Amino acid sequence: MRWEGNRESGNVEDVRGSRGGGGFGLGGRSIGIGTIVIALVGGAIFGINPLTILGILSGGGPAPQAQQAPAQRPPADDQMARFVSVVLADTEDVWKQLFSQGGATYTEPKLVLFRGAVATACGAGQSAMGPFYCPADQKVYIDLSFYETLKSRMGAPGDFAQAYVIAHEVGHHVQEQLGITRKVEGMRSRVSRVDANALSVRMELQADCFAGVWGHHAQNARQILEQGDVEEAMNAAARIGDDALQQSAGRAVVPDSFTHGTSEQRQRWFATGLKTGSVKACDTFASRQL
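What counts as what
- Residues numbered from 1 in each chain as written.
- Predicted model: local features only at pLDDT ≥ 70, side-chain atom pairs only at ≥ 80, totals over all residues.
- Heavy atoms only, no water.
- Helix = DSSP H or I, 4+ residues; strand = E, 2+ residues; numbered from the N terminus.
- Buried < 20%, exposed > 50% of the residue type's maximum accessible area, 1.4 Å probe, protein only.
- Contact = heavy atoms within 4.5 Å.
- Areas by Shrake-Rupley, 256 points an atom, 1.4 Å probe, with all protein chains shown as cover.
- Pairing = 2+ DSSP bridges.
- 1 Å grid on protein atoms, 1.4 Å probe; cavity = no way out; pocket = protein on both sides within 12 Å on 5 of 7 lines; lining within 4 Å.
- Points joined across faces, edges and corners; volume = space filled by probe spheres on them.
- Nonpolar A, V, L, I, M, F, W, Y, C, P; charged D, E, K, R; others polar.
- Phe/Tyr/Trp six-rings, centres within 6.5 Å; stacked < 30°, edge-to-face > 60°.
- Salt bridge = Lys/Arg side-chain N within 4 Å of Asp/Glu carboxyl O.
- Core = buried A, V, L, I, M, F, W, Y, C linked by side-chain atoms within 4.5 Å.

A. Representation of the overall build of the protein chain within the structure. Scanning the protein chain from terminus to terminus reveals 10 helices and 7 strands. Across the 290 residues of the protein chain, 56% fall into the buried class. For the protein chain, contacts bridging at least 24 residues in sequence account for 78% of all contacts bridging at least 6. Carbon and sulfur atoms form 50% of the exposed surface of the protein chain, whose accessible area is close to 11,900 Å².

Written out as structure tokens, the structure reads:
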């Protein structure tokens, strides 16, 4: 992926100097790319809505206030932090333009770098959750050690695979900006657990498609892709499908428990966004076939 020398975002907050986890009371819900690390270490939580996992990990109620260092800019010599800043900036450029073309204004999210645990407006975030987005504070959270897990333990290396992860979480921010998140949460509160899981799958697949939309427009504008990049992202999407995660954890594949979609679905919807560059093509809620 060609990213060196490109603009870095000013919306990256570094709280890796924080002294603890903890968190606030549950003022919102978090949306993550998957409980990936939890699944890998054998403590898999399948069949539980990922939007409530922060609450589960923090005890389901108000958590003690964390001693957290003030946010600051990442060090200039931190290569991985620079990469994340460049990818975030690229998503800003793409989504600003797309929103403007639709007569709307895109509000940029913040991206928080943390280590171990972090206090969020959605509760106590943990590295074991993988990267996640909190609608209540409109921030993406990532512990950069996740990328080593993605590479070494999940077999999904590559910088464009890493960029896909960020673009997926930004996709959840786009859903929040478009009012999709609130509508879906309202629907989820009125249906069974199985149906609520199915709605979560549609949310996650749409975020995958939005990640592809970013890739499409970034490539057209800045030619960021190198040979093998698309394959890296497709491989990452396959590795974090619900069926793949359940199999890797030695569990039976239970479709009713899916909350993110199968490997094939995640690949296909990412590819849809990447090929078309169309937000309308990402309407997973109107699609009969996921």
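So much for the structure itself; the text now carries on.
B. Here's a closer look at the pairing of strand 3 (residues 110-113). Where strand 1 (residues 12-14) and strand 3 come together, 3 bridges link them in parallel fashion. Considered in strand 3, the bridge of glutamate 13 is made with valine 112. As judged from the 4 bridges shared by strand 3 and strand 7 (residues 139-142), these two strands associate in the parallel manner. Note on strand 7: the bridge partner recorded for leucine 111 is valine 140.

C. Inspection of the layout of surface pockets at higher detail. Approximately 190 Å³ is the volume found for the largest pocket. Lining the largest pocket we find Leu178, Ile180, Lys183, Val184, Met187, Gln206, Phe210, Val279, Lys280, Cys282, Asp283 and Phe285. Those elements giving two or more residues to the lining of the largest pocket turn out to be helix 6 (180-188) and helix 7 (193-222). Considering each element in turn, the lining of the largest pocket owes the most residues, 4 residues, to helix 6. By residue class, the composition of the lining of the largest pocket is 8 nonpolar, 1 polar and 3 charged.

D. Just the packing of aromatic side chains, in detail. Using the criterion set out here, one finds 9 aromatic pairs in the structure. Ring geometry for phenylalanine 132 and tyrosine 141: centres 5.1 Å apart, planes at 15°, overall stacked. Each member of the pair, phenylalanine 132 together with tyrosine 141, is buried. Considering the side-chain rings of phenylalanine 160 and tryptophan 214, the 5.9 Å spacing of their centres and the 25° angle between planes classify their relative orientation as stacked. Pair noted here: phenylalanine 160 is in helix 5 (residues 159-178) and tryptophan 214 is in helix 7, with a separation of 54 residues, a long-range link. Considered together, phenylalanine 160 and tryptophan 214 belong to a single accessibility category, that of buried residues. Grouped by ring-pair contacts, the aromatic residues Trp95, Phe99, Tyr106 and Phe210 constitute a single cluster.

E. Representation of the pattern of salt bridges within the structure. The full count for this structure, using the stated rule, is 13 salt bridges. The partner of glutamate 4 in a salt bridge is arginine 82, with the nearest N and O atoms 3.2 Å apart. You can see glutamate 4 sitting in the segment before strand 1 and its partner arginine 82 sitting in helix 3 (residues 79-101), a full 78 residues away along the chain. Overall, the relative accessible area of 48% leaves glutamate 4 in the partly exposed class. Among the salt bridges present, the one from glutamate 92 reaches arginine 7, with a minimum N-O distance of 3.0 Å. Taken together, the positions of glutamate 92 in helix 3 and arginine 7 in the segment before strand 1 put the pair 85 residues apart, joining distant regions of the chain. Bridged by salt links that share partners, the residues Glu4, Glu8 and Arg82 form one connected network.

F. Local environment of the nonpolar core. In this structure, Met1, Trp95, Leu111, Tyr147, Phe160, Tyr164 and Trp214 are the most contacted members of the largest nonpolar core, which totals 55 residues. For this core, the secondary-structure elements that each account for two or more residues are helix 3, strand 3, strand 7, helix 4 (146-153), helix 5, helix 7, helix 8 (229-239) and helix 10 (263-276). Counting residues per element, this core draws most heavily on helix 3, which supplies 10 residues. Discounting chain neighbours no more than four positions away, the residues touching tryptophan 214 are Met1, Val87, Asp90, Thr91, Val94, Trp95, Phe160, Ala163, Ala167 and Ile224. Formed by 9 residues, the second largest nonpolar core is a distinct cluster that contains Val112, Phe114, Val118 and Met129.

G. Local environment of the side chain of histidine 216. Mapped onto the fold, histidine 216 is located in helix 7. On the basis of relative accessible area, histidine 216 is assigned to the buried category, the value being 16%.

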